[in-house]
Amino acid sequence: MAKAKTERRLKDNEAQAIARTLRVSPQKLNLVAALIRGKKVDRALAELEFSRKRIASTVKKTLESAIANAENNHDLDVDALVVAEAYVGKSITMKRFHARGRGRASRIEKPFAHLTIVVREVEEKGEAA
C-alpha cells in the first residue's frame, strides 16, 4: 500500500523553483529578490542580467528554472508569466574564528540562505475596441 499522493501546494497556473544553501546572507539575497518581485519574467531577467550584485547570476538561474518548470511541467505560457513570489529563508551558519591580539579570538559567522521563486501565469488585459 502506497502513501496517498499529497495535494499540490501551488495553484494550477503557478510553478516554482528553489535554490538551497546559497552562500550569501539572507539580507543581501532579499535585496535582489525584492528587485524582481511582481515583475514580468522578461523584465525580471533583464534586471538580473545587468545587476551588479554577485548573487544576481544565481537568482537569474533560479528564475530561469522556474520558467522552464512552468513551460515543461505545467504547460503555461512563458510570455504571460509574472514573478508572483520571491522569498528568502535562512539556512545554516558556518562558525569560524578570527585570531585577535593578546591570544584572544573573535567569532566570524558565514550565513547561507534559501531562495524560492514562484511564477504565475496571468491573462493579458484585452484592449476594448
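No experiment lies behind these values; they were computed from the predicted model shown. (Residues numbered from 1 in each chain as written. Predicted model: local features only at pLDDT ≥ 70, side-chain atom pairs only at ≥ 80, totals over all residues. Heavy atoms only, no water.)

Chemist: Would you explain the overall build of the protein chain in this entry?
Modeler: Of the regular secondary structure elements, the protein chain holds three helices and three strands. The globule rule puts the C-alpha radius of gyration for 129 residues at 14 Å, and the 19 Å found for the protein chain is more than 25% above it. Dimensions of the protein chain, computed from C-alpha atoms along their principal axes, come out at roughly 80 × 50 × 20 Å. Looking at the 129 residues of the protein chain, the share that counts as buried comes to 31%. Long-range contacts, defined as pairs at least 24 residues apart, comprise 71% of the intrachain contacts of the protein chain with a sequence gap of at least 6. Each charge sign in the protein chain was given a centre, from 27 positive and 17 negative side chains, and these centres are 20 Å apart. (Helix = DSSP H or I, 4+ residues; strand = E, 2+ residues; numbered from the N terminus. Rg over C-alpha atoms; globule rule 2.2 N^0.38 Å. Buried < 20%, exposed > 50% of the residue type's maximum accessible area, 1.4 Å probe, protein only. Contact = heavy atoms within 4.5 Å. Lys, Arg positive; Asp, Glu negative; His and termini not counted. Charge placed at Lys NZ, Arg CZ, Asp CG, Glu CD.)

Chemist: Help me out: how do you make sense of the side chain of Glu14 in this one?
Modeler: Structurally, Glu14 is set in strand S1 (residues 14-22). For Glu14, a relative accessible area of 4% corresponds to the buried category. Among the polar contacts listed, one links the side chain of Glu14 to the side chain of Arg120, at a separation of 2.7 Å. Residues within four places of Glu14 in sequence aside, it is in contact with Arg8, His74, Leu76, Val118, Val119 and Arg120. (Polar contact = N/O pair within 3.5 Å; in protein donor to acceptor, adjacent residues only side chain to side chain.)

Chemist: What is the right way to read the nonpolar core from this model?
Modeler: A general trend in soluble globular proteins is that nonpolar side chains are found buried together. Among the nonpolar cores identified, the biggest contains 27 residues, and Leu63, Ile117 and Val119 are the most heavily contacted of them. Those elements that place two or more of their residues in this core are S1, helix H1 (26-36), helix H2 (41-49), helix H3 (56-72), strand S2 (81-99) and strand S3 (105-121). If one sorts the elements of this core by residue count, H3 sits on top with six residues. Apart from residues lying up to four places away in sequence, Leu63 is in contact with Val41, Ala44, Leu45, Leu48, Val83, Ile117 and Val119. (Core = buried A, V, L, I, M, F, W, Y, C linked by side-chain atoms within 4.5 Å.)

Chemist: Can you help me understand a positive patch on the surface in this one?
Modeler: Positive charge collects at one region of the surface, where Arg23, Lys28, Lys53, Arg54, Arg96 and Lys110 lie side by side. You can see Arg23 is positioned in the loop between S1 and H1. Arg23 sits in the partly exposed class, given a relative accessible area of 36%. (Patch = residues over 30% accessible without salt bridge, like charges linked within 9 Å, V, L, I, M, F, W, Y side chains within 5 Å. Areas by Shrake-Rupley, 256 points an atom, 1.4 Å probe, with all protein chains shown as cover. Salt bridge = Lys/Arg side-chain N within 4 Å of Asp/Glu carboxyl O.)

Chemist: Honestly, the sheet that holds S2 in this entry has me stumped. Any pointers?
Modeler: Backbone hydrogen bonds are what pair the strands of a sheet, in a parallel or an antiparallel way. Spatial ordering of the open sheet is given by S1-S3-S2, a layout of three strands whose pairing is antiparallel. Edge strands, defined here as strands with exactly one partner in the open sheet, are S1 and S2. On average, each strand axis in the sheet is inclined to that of its neighbour by 10°, with strand direction left out of account. With 16 bridges joining them, S2 and S3 adopt antiparallel strand pairing. Residue pairing for S3: Lys95 is matched across the bridge by Glu109. Taken strand by strand, H1 contacts S1, S2 and S3, and its axis lies near 165° from that of S2. Those strands touched by H3 are S1, S2 and S3, and its axis lies near 150° from that of S1. (Pairing = 2+ DSSP bridges. Axes fitted to C-alpha atoms, helices over the stretch in contact; angles between N-to-C directions.)

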